[in-house]
Amino acid sequence: MDMKNRISLELRNRNPAKVAELVLDNCCSVNGEVDGLTDDFSDLEYLSMANAGLTSIVKLPSLPKLWKMNLSHNKLCGSLEALSEKCPNLIYLNLSGNKIKELRTVEPLQNLKSLQSLDLFNCEVTALEDYRDAVFQLLPQITYLDGFDQDDNEAPDSEADDEDEDGEDRAGPTLKYKDEDDEEEDEEVGLTFQVKPADQDDEEEEEEDSAEEDEDEQTTVQGQKRKRDLEDEDSDEDD
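Residues numbered from 1 in each chain as written. Predicted model: local features only at pLDDT ≥ 70, side-chain atom pairs only at ≥ 80, totals over all residues. Heavy atoms only, no water.

Visitor: Go over the overall build of the chain with me, naming the residues and quoting the values.
Guide: If you tally the helices and strands in the chain, you get 7 helices and 6 strands. The order of α-helices and β-strands along the chain, N terminus first, is α-β-β-β-α-β-α-β-α-β-α-α-α. Looking at the chain as a whole, 31% of its 239 residues qualify as buried. Across the chain, the fraction of contacts at a sequence separation of at least 24, relative to all contacts at a separation of at least 6, is 49%. Element-wise, carbon and sulfur atoms account for 43% of the exposed surface of the chain, whose accessible area totals about 16,000 Å². (Helix = DSSP H or I, 4+ residues; strand = E, 2+ residues; numbered from the N terminus. Buried < 20%, exposed > 50% of the residue type's maximum accessible area, 1.4 Å probe, protein only. Contact = heavy atoms within 4.5 Å. Areas by Shrake-Rupley, 256 points an atom, 1.4 Å probe, with all protein chains shown as cover.)

Visitor: Tell me what's going on with the nonpolar core, and back it up with residues and numbers.
Guide: Among the nonpolar cores identified, the biggest contains 45 residues, and Leu47, Leu83 and Leu109 are the most heavily contacted of them. Of all elements in the fold, only α1 (3–11), α2 (81–86) and α4 (131–138) reach the threshold of two or more residues within this core. For this core, the element with the most residues is α4, which contributes 4 residues. Ignoring sequence-local partners within four residues, the contact set of Leu109 consists of Leu80, Leu83, Leu93, Leu95, Leu115, Leu118, Leu139 and Gln141. (Core = buried A, V, L, I, M, F, W, Y, C linked by side-chain atoms within 4.5 Å.)

Visitor: With reference to specific residues and values, describe α1.
Guide: Buried within α1 are the following residues: Met3, Arg6, Ile7, Glu10 and Leu11. Looking down the long axis of α1, one finds its buried residues gathered within 135 degrees of arc, a one-sided arrangement. If you follow the buried residues of α1, they end up packed against β1 (21–23). Capping the start of α1 is the job of one residue whose side-chain oxygen sits 3.1 Å from the backbone nitrogen of Lys4: Asp2. Immediately beyond the C-terminal end of α1, within one or two residues, lies Arg12, with a positive phi of roughly 50 degrees. (Arc of directions from axis to C-beta. Polar contact = N/O pair within 3.5 Å; in protein donor to acceptor, adjacent residues only side chain to side chain.)

Visitor: So what about the sheet that holds strand β5 (residues 117–119)? Which residues, and what values?
Guide: Read across the open sheet, the 6 strands follow the order β1-β2-β3-β4-β5-β6; overall the sheet is parallel. Each edge of the open sheet carries a strand with a single partner, namely β1 and β6 (144–145). Bridge analysis of β5 against β6 gives 2 bridges, and the strand direction is parallel. Paired with Ser117 across the bridge in β6 is Tyr144. (Pairing = 2+ DSSP bridges.)

Visitor: Report on the environment of Asn122, specifying residues and quantitative values.
Guide: One can find Asn122 in the loop between β5 and α4. A C-alpha to C-alpha distance of 7.4 Å links Asn122 and Asn98, two positions 24 residues apart in sequence. Discounting residues that sit within four places of it in the chain, Asn122 has contacts with Gly97 and Asn98.

Visitor: Go over the environment of Leu24, please, and point to the residues and values.
Guide: Its location among the elements puts Leu24 in the loop between β1 and β2 (46–48). With relative accessibility at 0%, the residue Leu24 sits in the buried group. The spacing of Leu24 and Ile7 is 17 residues in sequence and 7.1 Å in space, taken between C-alpha atoms.

Visitor: Help me get a handle on the confidence of the model for the chain, residues and values and all.
Guide: Confidence in the prediction of the chain, expressed as mean pLDDT, is 80, and 66% of residues score 70 or more. Within the model, pLDDT remains below 50 along residues 159–198, and this stretch shows 14 contacts once partners closer than five positions in the same chain are excluded. (pLDDT = per-residue confidence, 0-100.)

Visitor: So what about the pattern of salt bridges? Which residues, and what values?
Guide: Summed over all chains, the structure comprises 3 salt bridges. The salt bridge partner of Glu10 is Arg6, with a shortest N-O separation of 3.1 Å. Residue Glu10 and its partner Arg6 are both found in helix α1; the two are separated by 4 residues, about one turn of the helix. Taking the relative accessible area as the measure of exposure, Glu10 reaches 18% and is therefore buried. Where Lys65 meets Asp43, a salt bridge forms, and the shortest distance between an N and an O atom there is 2.9 Å. With Lys65 in the loop between β2 and β3 (68–70) and Asp43 in the loop between β1 and β2, the pair connects residues that are 22 residues apart, well separated along the chain. (Salt bridge = Lys/Arg side-chain N within 4 Å of Asp/Glu carboxyl O.)

Visitor: Outline α4, listing residues and values.
Guide: All of the buried residues along α4 are Tyr131, Val135, Phe136 and Leu138. Taken down its axis, α4 places every buried residue within 165 degrees of arc, on the same side. Among the exposed residues of α4, those pointing more than 90 degrees away from its buried face are Asp133 and Gln137. At its buried positions, α4 is contacted by α3 (103–106), β5 and β6.

Rendered as structure tokens:
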């Protein structure tokens with residue numbers, strides 16, 4: 001599907017001015033150019049055109065609110081100056097897998113003052129000696145290059161950051177509300193504490209029986225002793 005038709009499909013009859021996110025991955029660009037994207041997308045914040053066969057982005061419209069852009073796996077080897085002109089507030093830019101061979105190709109990104117994260121992974125430029133140091137020196141505003149800062153600390157999970165930034169899909173506290181089954185379980189638990197187990201009843205009955213036997217035995221012994229005493233008294237009287 002070509003890019004223009006893909007945009008129409010993604011819109012689903014929505015007003016372009018109300019669209020904040022647009023994913024055009026794997027569509028077919030016409031002559032390697034951006035096609036069908038207009039200035040009407042004034043509220044667009046995230047744009048992905050990965051693997052769309054792009055060779056140039058000079059026809060990119062003005063997207064003043066765009067802060068994240070994915071242009072990975074295209075055939076770009078220049079025209080990056082269009083980004084600072086059309087998308088001046090970019091923070092995240094993914095250019096991995098493009099035809100970028102020289103540092104001077106990314107030099108126009110100096111004008112993206114808000115740029116914090118740049119990805120050039122799988123571009124030929126990464127094979128240059130001291131590539132990372134050279135890019136950090138060329139673009140002092142960026143914090144992360146290919147997912148790591150200058151001290152080789154890994155960047156935070158960008159997907160989690162996206163959710164926090166745009167206020168969507170934030171994970172709130174999971175609250176468990178009681179349903180009828182839970183209440184029935186609680187009642188059963190309560191009954192278990194109130195009703196004695198059968199084993200415990202048997203033990204108590206055995207203890208009671210044992211106590212009664214001891215009492216009967218003690219009574220019998222006392223009776224026999226009393227009888228002997230009486231016999232002794234009668235014997236003494238006869239004498």
